[in-house]
There are 2 protein chains.
Amino acid sequence: MTKIEELINRVTHRVNINLRELNFDVRPYLDGINLKWQLSKFYAFYGITPHHKLSFKFIASSLAGSYFLGKSKIDHSVLYKSDIRGDELKSKGTTYKCEDYEIPVYDDEEIQITNSILIKTLVHNFSHDPENLEFFNIKNTFSAHFANIHGSSVEGCFLGPFSTVDLTTLHDCVVGEFSYIQVEELAHKKVPPGTIRVRYKDKFDFNYQFPEKVLKKYIDFDSQKLPKGIFIDFVENRKTDFENVFEVMNRENPVFIPDNTALDKYAVVRGQTRIGRNVLVAQRAYLEDASLGKGANVQENCYIINSHLEGYNITAHGAKIINARLGENIFVGFNSFVRGKVDKPLIIGDGSIVMPHTIIDIEEPLVIPAGFIVWGYIKNAEDLKLNGISLESFSKIKTDFKLGGMEFKGNGDIFINAFKERIDHILHANGAFFDIADESTGGHAQKNQNISFNTIQPYPGGDLKGIYPTIEIKP
Amino acid sequence: MTKIEELINRVTHRVNINLRELNFDVRPYLDGINLKWQLSKFYAFYGITPHHKLSFKFIASSLAGSYFLGKSKIDHSVLYKSDIRGDELKSKGTTYKCEDYEIPVYDDEEIQITNSILIKTLVHNFSHDPENLEFFNIKNTFSAHFANIHGSSVEGCFLGPFSTVDLTTLHDCVVGEFSYIQVEELAHKKVPPGTIRVRYKDKFDFNYQFPEKVLKKYIDFDSQKLPKGIFIDFVENRKTDFENVFEVMNRENPVFIPDNTALDKYAVVRGQTRIGRNVLVAQRAYLEDASLGKGANVQENCYIINSHLEGYNITAHGAKIINARLGENIFVGFNSFVRGKVDKPLIIGDGSIVMPHTIIDIEEPLVIPAGFIVWGYIKNAEDLKLNGISLESFSKIKTDFKLGGMEFKGNGDIFINAFKERIDHILHANGAFFDIADESTGGHAQKNQNISFNTIQPYPGGDLKGIYPTIEIKP
């Protein structure tokens, strides 16, 4: 048995131990991926800048494509195509607000991924776990294709393809494909596929369940436990465009990049694309005939094709916008799939919120009015009535509310405000409102303009084939 | 003052302290190079394979282009375009023969370059210093363009452009441009430019001095202390070809590469080039319309242009062969410049030795017979008479011998045999005689076929601009 096989076995076994109560075996999901081959095929890389605290440590160490920007530390991990950004880690000496507490942060926060397995996951900002502010921990976790982890510990879990665990501490859970979980804390639970759940204490609880038939069309598993469906076809069809980007050491900007805008070296840009000021286009984003207004924020793994975004638009990790015209200040949530037709573009009005994991895939021309919030599955105006209302109406909800497949409990105003605050935070953190006269208004769009990318490859042969050497990088 | 300026100052000061007795100031030589700019311009890289013991450690750390293959450890160093191969380092448990002693090697040998400055130098194989077998040490050394260091400690030295320190322990010396020194040990000496000296105890002492006028034509300093002359023009004219090679992540082999032959990813290959079996083409080698027979060994920084090499030819570091036809088993030594004319090719017969740092730059057709040894400066048949004799005749020298500008003391047979043994060792070490039926016959040509190259870049901005992060890499 080669070292890489040993390592895969060892960590897989640990994930399965974590999931024993749920009687879930990750092994078949792993087998289909042919990890041994994938790990030796790619080169990995990490970015360094003067703005990100750096302390990488890869120990065993098996990685593949990557992008470790802030502090990191990885133990016996198998990683593969991981992003792990760490550019919002907390600094020593700051304080963290949690309800009525002001908790001092004793050390620079570090991402640790000990004894772990992570397959295609993006990990993003910082630990929201008040007991664990200095460490953004992920342990023995298997995350499938385009799963997202944001902002908390995720220990001993299986995350299905296109699932998102957001602002949630998760212990020993199985999250089904395309599920979105933002529920503070969850332990020893199996989350069914297509569950959209946003819960905060007794303040609000948003719950939507995708119909099984719809879901299976977009994302499902084949008999080999490999993901299939429209989402997978969509990303697979654009794979070679990324391969071309990864083939060159330095690339000329393919389009004009204004001052204070950052276009990542590993983003695809095609066709007649136009990028405005204070824009951040993250790595592995895909732009084709896209027009991005001022302050747009285009996150990792998202696709914007034949679409116009007016300004201050957030396209969150993994979201896809195709044949659409979006007004200003629109949030398109994680892994949402928003597709008009070439001759029947989808139109979304200013200030609207497309909930994470929404599928809008229209059959006829559709306009989503300004100031709307939408969720679930929408293919026409009829669906829109059952999967969206105005933000104003939503804010008026005082207790229970049901619409179509969605059930809401709690205070609509608190829910909408929490959303708006987060949108505002994202735009600020990304430097969308950067004003040259005030340096403090800068964010990722300004700080990520000039990243040194270092590439690493695994051993090309022998017993260690597919394993990367142990690497430690310090300032 | 930025960190990189601080570092350059600090180490330069140390080199000057080493050279105080010689009253030599390296600073003006450094100023012309504009090191601060050069260090931030390049990306560095290192190779990993299953065949090379790996333990890199770059501490301060400023590097530029590089290629650290075997164990290394670098302290406060400024490096720049360094090669540092370490693929012949001694292993723990082996013994090293030195005269009548068999010295056990207690640890895997490591290259250490502590508190150092190295600008464009290649460091190559292993420590020949019997008191220091586990460490190939280089300390506070400034080596200019295309200087070579092989096989021993070089402490507190200035090496001029195109100079070579070979199998020699050097303390606090200044080695003039294009000088070749192979003298076991040397301390506190200034070696004049164009000195070719090969001395071994009381056995032999070969001594040739290039005429100043000739030397200045090929390599000299301008008023800014930057190197100029035919050698510099030659390499500068081919710089962009290398830049193209460094721009791609993976390259298809530009010509057919037989089994058991290694073409380095960072070698330039142009025109109608043909490469035979068991050949090693090292990084930064340059081939244009070159035909390489079986077992050829093309070392770092050498150029073979419009030439045919029959087989088992060694083209040592920095050697240049242009418009020539070489028979079998010919050694062209370090930094030699061997140039025929397009319509008047230079012909060299089987088994000949071109001494390191020889300039053959012909004005008329010239044939160097088989079994000849040549040195010095040769532009026609007349010069050849004064700068070469048959190996047979040389072997018959019993004590003193003079010819043209060359003076030899000692035993010619021992001298020629030492040379032949070394040539044989180089061919074996490079796998020129590899036989698929016997794995032990393999060498660099077989082991270097599949190298993973990892690239590293310095901080792109801020106070640390031009500095690379501290990097530690272990198996």
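See the structure above.
Residues numbered from 1 in each chain as written. Chains lettered and ligands numbered in written order. Predicted model: local features only at pLDDT ≥ 70, side-chain atom pairs only at ≥ 80, totals over all residues. Heavy atoms only, no water.

Draft legend 1. Representation of the overall build of chain A. If you tally the helices and strands in chain A, you get ten helices and 45 strands. Taking 475 residues into account, the globule formula puts the C-alpha radius of gyration at 23 Å, and chain A, at 21 Å, falls close to it. Each principal axis of the C-alpha atoms in chain A carries an extent, and together these give about 60 × 50 × 50 Å. Burial statistics for chain A: of 475 residues in total, 63% are counted as buried. Residue pairs in contact within chain A that sit at least 24 positions apart in sequence constitute 39% of those at least 6 positions apart. Charged side chains in chain A number 54 positive and 61 negative. The centres of these two groups are separated by 3 Å. (Helix = DSSP H or I, 4+ residues; strand = E, 2+ residues; numbered from the N terminus. Rg over C-alpha atoms; globule rule 2.2 N^0.38 Å. Buried < 20%, exposed > 50% of the residue type's maximum accessible area, 1.4 Å probe, protein only. Contact = heavy atoms within 4.5 Å. Lys, Arg positive; Asp, Glu negative; His and termini not counted. Charge placed at Lys NZ, Arg CZ, Asp CG, Glu CD.)

Draft legend 2. The packing of aromatic side chains, seen in detail. With the rule as written, the count across this model stands at 68 aromatic pairs over all chains. Seen from their ring centres, A:Phe246 and A:Tyr266 are 4.6 Å apart, and the 25 degrees between their planes marks the pair as stacked. A residue pair is termed long-range when its members are at least 10 positions apart, and A:Phe246 in helix H6 (residues 239-246) and A:Tyr266 in the loop between strand S23 (262-263) and strand S24 (268-270) qualify at 20 residues. Neither residue differs from the other here; A:Phe246 and A:Tyr266 are each classed as buried. For the ring pair B:Tyr218 and B:Tyr377, a centre distance of 6.0 Å and an interplane angle of 65 degrees mean the geometry is edge-to-face. A residue pair is termed long-range when its members are at least 10 positions apart, and B:Tyr218 in helix H4 (residues 212-218) and B:Tyr377 in strand S40 (residues 377-378) qualify at 159 residues. Note on B:Tyr377: relative accessible area 12%, which makes it buried. Here A:Lys90 stacks its cationic end above the ring of A:Tyr96, 5.1 Å away from the centre of that ring. (Phe/Tyr/Trp six-rings, centres within 6.5 Å; stacked < 30°, edge-to-face > 60°. Lys NZ or Arg CZ within 6 Å of the ring centre and 35° of its normal.)

Draft legend 3. Up close: the sheet that holds strand S19 (residues 195-200) of chain B. Residue and element names in this part refer to chain B. Ordered in space as S7-S10-S13-S16-S19-S20-S43-S42, the eight strands form an open sheet in which the pairing is mixed. With one partner strand each, in any of the chains shown, strand S7 (122-123) and strand S42 (401-403) form the two edges of the open sheet. Sheet topology places strand S16 (residues 180-182) next to S19; three bridges connect them, and they run parallel. Directly across from glutamine 182, in S19, lies its bridge partner valine 198. (Pairing = 2+ DSSP bridges.)

Draft legend 4. Quick peek at the pairing of strand S14 (residues 168-171) of chain A. Residues and elements named next belong to chain A. Pairing between strand S11 (residues 154-155) and S14: two bridges, direction parallel. By the bridge assignment for S14, glutamate 155 is matched with histidine 171. Note that S14 and strand S17 (residues 184-187) share four bridges and pair parallel. Along S17, the bridge assignment pairs threonine 169 with glutamate 185.

Draft legend 5. Local environment of the nonpolar core. Counting residues in hydrophobic clusters, the biggest one holds 116 residues, and the most contacted among them are A:Phe206, A:Phe394, A:Phe415, B:Phe206, B:Phe394 and B:Phe415. Look past the residues within four positions of A:Phe206 in its chain and what remains in contact with it is A:Ile196, A:Arg197, A:Val198, A:Met355, A:Trp375, A:Phe394, A:Met406, A:Glu407, A:Phe408 and A:Phe415. In terms of nonpolar packing, the next biggest core, distinct from the first, is built from 80 residues, A:Val165, B:Ile74, B:Val105 and B:Tyr468 among them. (Core = buried A, V, L, I, M, F, W, Y, C linked by side-chain atoms within 4.5 Å.)

Draft legend 6. Examining the relation of the copies chain B and chain A more closely. Its rotation angle being 180 degrees, the transformation that places chain B on chain A also includes 0.0 Å of axial translation and leaves an RMSD of 0.0 Å. The two molecules are tied by a two-fold rotation axis, judged by turn and shift. (Least-squares fit on C-alpha atoms with pLDDT ≥ 70 in both.)

Draft legend 7. Structural detail: the sheet that holds strand S18 (residues 190-191) of chain A. Read from one edge of the open sheet, four strands run S9-S12-S15-S18 (chain A), paired in parallel fashion. The open sheet has two edge strands with one neighbour each: strand S9 (142-143) and S18 of chain A.

Draft legend 8. Focus on the environment of B:Gln182. Residues and elements named next belong to chain B. Residue position: glutamine 182 is located in strand S16. Assessed through its relative accessible area of 16%, glutamine 182 is described here as buried. For the pair glutamine 182 and histidine 150, spaced 32 residues apart in sequence, the C-alpha to C-alpha distance is 9.6 Å. Once you skip the residues sitting within four places of it in the chain, glutamine 182 turns out to touch Asp166, Leu167, Thr168, Arg197, Val198, Arg199 and Arg422. A polar contact is formed between the side chain of glutamine 182 and the side chain of tyrosine 180, at a distance of 2.8 Å. (Polar contact = N/O pair within 3.5 Å; in protein donor to acceptor, adjacent residues only side chain to side chain.)

Draft legend 9. How the structure looks around helix H1 (residues 3-18) of chain A. Residues and elements named next belong to chain A. Given a rise of 1.5 Å per residue, 16 residues ought to cover 22 Å, and the 23 Å separating the end C-alpha atoms of H1 matches this to within 8%. For H1, the set of buried residues is Ile4, Leu7, Ile8, Val11, Thr12, Val15, Asn16 and Asn18. Each buried residue of H1 sits inside an arc of 160 degrees when the element is viewed along its axis, so together they form one side. Residues of H1 that are buried sit in contact with helix H2 (27-33), helix H3 (35-41) and S9. (Expected span 1.5 Å × (residues − 1). Arc of directions from axis to C-beta.)

Draft legend 10. Quick look at the environment of B:Gln38. Mapped onto the elements of the fold, B:Gln38 is located in helix H3 (residues 35-41). Between the C-alpha atom of B:Gln38 and that of B:Met355, which follows or precedes it by 317 residues, the distance is 33 Å.

Draft legend 11. A look at the pattern of salt bridges. Evaluated as defined, the whole model comprises 31 salt bridges over all chains. Put simply, A:Arg270 and A:Glu288 hold a salt bridge, and the shortest N to O gap is 3.8 Å. Note that A:Arg270 is positioned in strand S24 and A:Glu288 in strand S27 (residues 286-292), a separation of 18 residues in sequence. The partly exposed category is assigned to A:Arg270, whose relative accessible area is 34%. Here B:Glu236 and B:Lys239 are joined by a salt bridge, their closest N and O atoms 3.3 Å apart. Judged by its relative accessible area of 32%, B:Lys239 falls in the partly exposed class. Here the residues in one salt-bridge network are A:Asp241, A:Arg270 and A:Glu288, joined through shared partners. (Salt bridge = Lys/Arg side-chain N within 4 Å of Asp/Glu carboxyl O.)

Draft legend 12. Examining the side chain of A:Thr273 more closely. Residue and element names in this part refer to chain A. Residue position: threonine 273 is located in the loop between S24 and strand S25 (274-275). Classification of threonine 273 as buried rests on a relative accessible area of 10%. At a separation of 2.8 Å, a polar atom in the side chain of threonine 273 contacts the main-chain carbonyl oxygen of arginine 270.

Draft legend 13. View of the interface of chain B and chain A. Opposite the 31 residues of chain B that make contact, chain A presents 31 residues. Where chain B abuts chain A, roughly 2,800 Å² becomes buried across the two surfaces, and 50% of that area is made up of carbon and sulfur atoms. Looking only at chain B, the three residues that lose the most surface to chain A are B:Met249, B:Gln457 and B:Pro460, adding up to 22% of its buried area. Taken together, chain B and chain A are joined by zero salt bridges. Classifying every residue of the side of chain B that touches chain A by side-chain character gives 18 nonpolar, ten polar and three charged. Strand direction decides the pairing type here: strand S45 (residues 470-474) of chain A and strand S45 (residues 470-474) of chain B, joined by five bridges, are antiparallel. Bridge assignment links A:Ile471 to a residue of S45(B), and that residue is B:Ile473. (Buried area = accessible area lost by both parts, 1.4 Å probe. Nonpolar A, V, L, I, M, F, W, Y, C, P; charged D, E, K, R; others polar.)

Draft legend 14. Local environment of unusual backbone geometry. Positioned with a positive phi, A:Glu184 is a non-glycine residue whose angle comes to about 65 degrees. Within the fold, A:Glu184 resides in strand S17. Accessibility expressed as a relative area gives 30% for A:Glu184, which makes it partly exposed. A positive phi angle, near 40 degrees, is found at B:Asn140, a position not held by glycine. On the basis of relative accessibility, which here comes to 6%, the residue B:Asn140 falls in the buried class.

Draft legend 15. Focus on the state of the cysteines. According to the stated counting rule, one finds zero disulfides over all chains in the structure shown. For A:Cys173, which is in no disulfide, the shortest distance to another cysteine sulfur is to A:Cys157 and amounts to 5.0 Å. No disulfide involves B:Cys98; its nearest neighbouring cysteine sulfur is the one of B:Cys173, lying 20 Å away. (Disulfide = S-S within 2.5 Å.)

Draft legend 16. Representation of the pairing of strand S43 (residues 406-410) of chain B in the model. Residues and elements named next belong to chain B. With five bridges joining them, strand S20 (residues 204-209) and S43 adopt antiparallel strand pairing. Note that in S43 the partner of tyrosine 208 across the bridge is methionine 406. Summarising the sheet, S42 and S43 pair through three bridges and their orientation is antiparallel. Within the sheet, the bridge partner assigned to phenylalanine 401 lies in S43 and is phenylalanine 408. The hairpin formed by S42 and S43 contains two residues between the paired strands, and glycine 404 there has a positive phi angle of roughly 55 degrees.

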